Amino acid sequence: MKNTLTKEYKELLRASLEARMHSYAPYSHFAVGAALLCEDGTVIKGCNVENASYPVGICAERNAMSHAVFEGRTKFKAIAITGGPAGKAAADFCAPCGMCRQFMREFCGKDFEIVLAKCNEAGEITEARIHTMEEILPDSFGPENLS
Ligand code: THU
């Protein structure tokens, strides 16, 4: 785990905060934003989109990655994720859920980085954590296991 943000990762976190503004979370009132950094430098954003039939909702991470795949991008360097009560600062780290970890593993190697941050009311980053895919999903099952 690392704590130092590069300029690129600060911008990625900023993009995740922008994505978070689009969250549709009328049931949990928990707004999440994700910004995915593709290998070619493109950034693709996603937010959580909930549903009246609760399990049908989608997390911000899977929303962003699905959109990227739709656009023909399947190689990624990192994802920034910010989340917290809707209308409030993303004051605590929002780590990806188990389903999103496995979903992202499909397209990401063990060195893919997950960038998390705590922010204050002004939207400034106050603390950061950078994990690798291997750290958050050790001993994982991926597409190479089926080839
Ligand atoms: N959520 C995400 O979008 N990403 C995460 O990493 C954690 C949880 C969403 C799902 C649901 O809409 C809300 O947050 C509360 O669980």
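No experiment lies behind these values; they were computed from the predicted model shown.

Observations concerning the overall build of the chain
Right, on to step 1. From N to C terminus, the chain includes four helices and five strands.
Right, on to step 2. Taken from the N to the C terminus, the helices and strands of the chain come in the order α-β-β-α-β-α-β-β-α.
Right, on to step 3. In terms of overall dimensions, the chain is globule-like: its C-alpha atoms have a radius of gyration of 14 Å, near the 15 Å expected for 147 residues.
Right, on to step 4. Counting only C-alpha atoms, the chain reaches 45 × 40 × 30 Å along its principal axes.
Right, on to step 5. Here the chain holds 147 residues, and the buried ones make up 44% of them.
Right, on to step 6. Long-range pairs, those at least 24 residues apart, make up 65% of the contacts in the chain with a sequence separation of at least 6.
Right, on to step 7. Of the roughly 7900 Å² of accessible surface on the chain, a fraction of 55% belongs to carbon and sulfur atoms.

Focus: the packing of helix α2 (residues 60-70) against helix α3 (residues 98-105)
In helix packing, the relevant descriptors are the interaxial angle and the interaxial distance, both defined with respect to the helix axes.
Right, on to step 1. Axis separation between α2 and α3 bottoms out at 9 Å; the angle between their running directions is 20 degrees. By the angle between their directions, the pair α2 and α3 is classed as roughly parallel. The crossing of α2 and α3 is left-handed. Across the interface between the two elements, E61, R62, M65 and S66 from α2 touch M99, C100, F103 and M104 from α3.
Right, on to step 2. Each residue belonging to the contact of α2 with α3 can be placed in one class, and the counts come to five nonpolar, one polar and two charged.

Some words on the side chain of R20
Right, on to step 1. Position of R20 among the secondary structure elements: in helix α1 (residues 7-20).
Right, on to step 2. Buried within the structure, R20 lacks any salt-bridge partner; E121 is the closest side chain of opposite charge, at an N-O distance of 8.2 Å.
Right, on to step 3. The residues contacting R20, other than those within four sequence positions of it, are A31, V32, G33, T82, G83, G84, P85, A86, K88, A89 and A90.

A closer look at the site of the ligand
Right, on to step 1. Residues in close proximity to the ligand include S28, F30, V32, N48, E50, C59, A60, E61, A95, P96 and C97, which together make up its full environment.
Right, on to step 2. A distance of 2.5 Å separates an oxygen atom of the ligand from a polar atom in the side chain of E50.
Right, on to step 3. Within the backbone of A60, an N or O atom sits 2.9 Å from an oxygen atom of the ligand.
Right, on to step 4. Mapped by element, the contributors of at least two residues to the shell around the ligand are β1 (30-38) and α2.
Right, on to step 5. The class makeup of the residues in the shell around the ligand is seven nonpolar, two polar and two charged.

Conventions we followed
- Residues numbered from 1 in each chain as written.
- Predicted model: local features only at pLDDT ≥ 70, side-chain atom pairs only at ≥ 80, totals over all residues.
- Heavy atoms only, no water.
- Helix = DSSP H or I, 4+ residues; strand = E, 2+ residues; numbered from the N terminus.
- Rg over C-alpha atoms; globule rule 2.2 N^0.38 Å.
- Buried < 20%, exposed > 50% of the residue type's maximum accessible area, 1.4 Å probe, protein only.
- Contact = heavy atoms within 4.5 Å.
- Areas by Shrake-Rupley, 256 points an atom, 1.4 Å probe, with all protein chains shown as cover.
- Axes fitted to C-alpha atoms, helices over the stretch in contact; angles between N-to-C directions.
- Parallel < 35°, antiparallel > 145°, perpendicular 65-115°, else oblique.
- Left-handed = near helix turned anticlockwise from the far one by under 90°.
- Nonpolar A, V, L, I, M, F, W, Y, C, P; charged D, E, K, R; others polar.
- Lys, Arg positive; Asp, Glu negative; His and termini not counted.
- Salt bridge = Lys/Arg side-chain N within 4 Å of Asp/Glu carboxyl O.
- Near = heavy atom within 4 Å.
- Polar contact = N/O pair within 3.5 Å; in protein donor to acceptor, adjacent residues only side chain to side chain.

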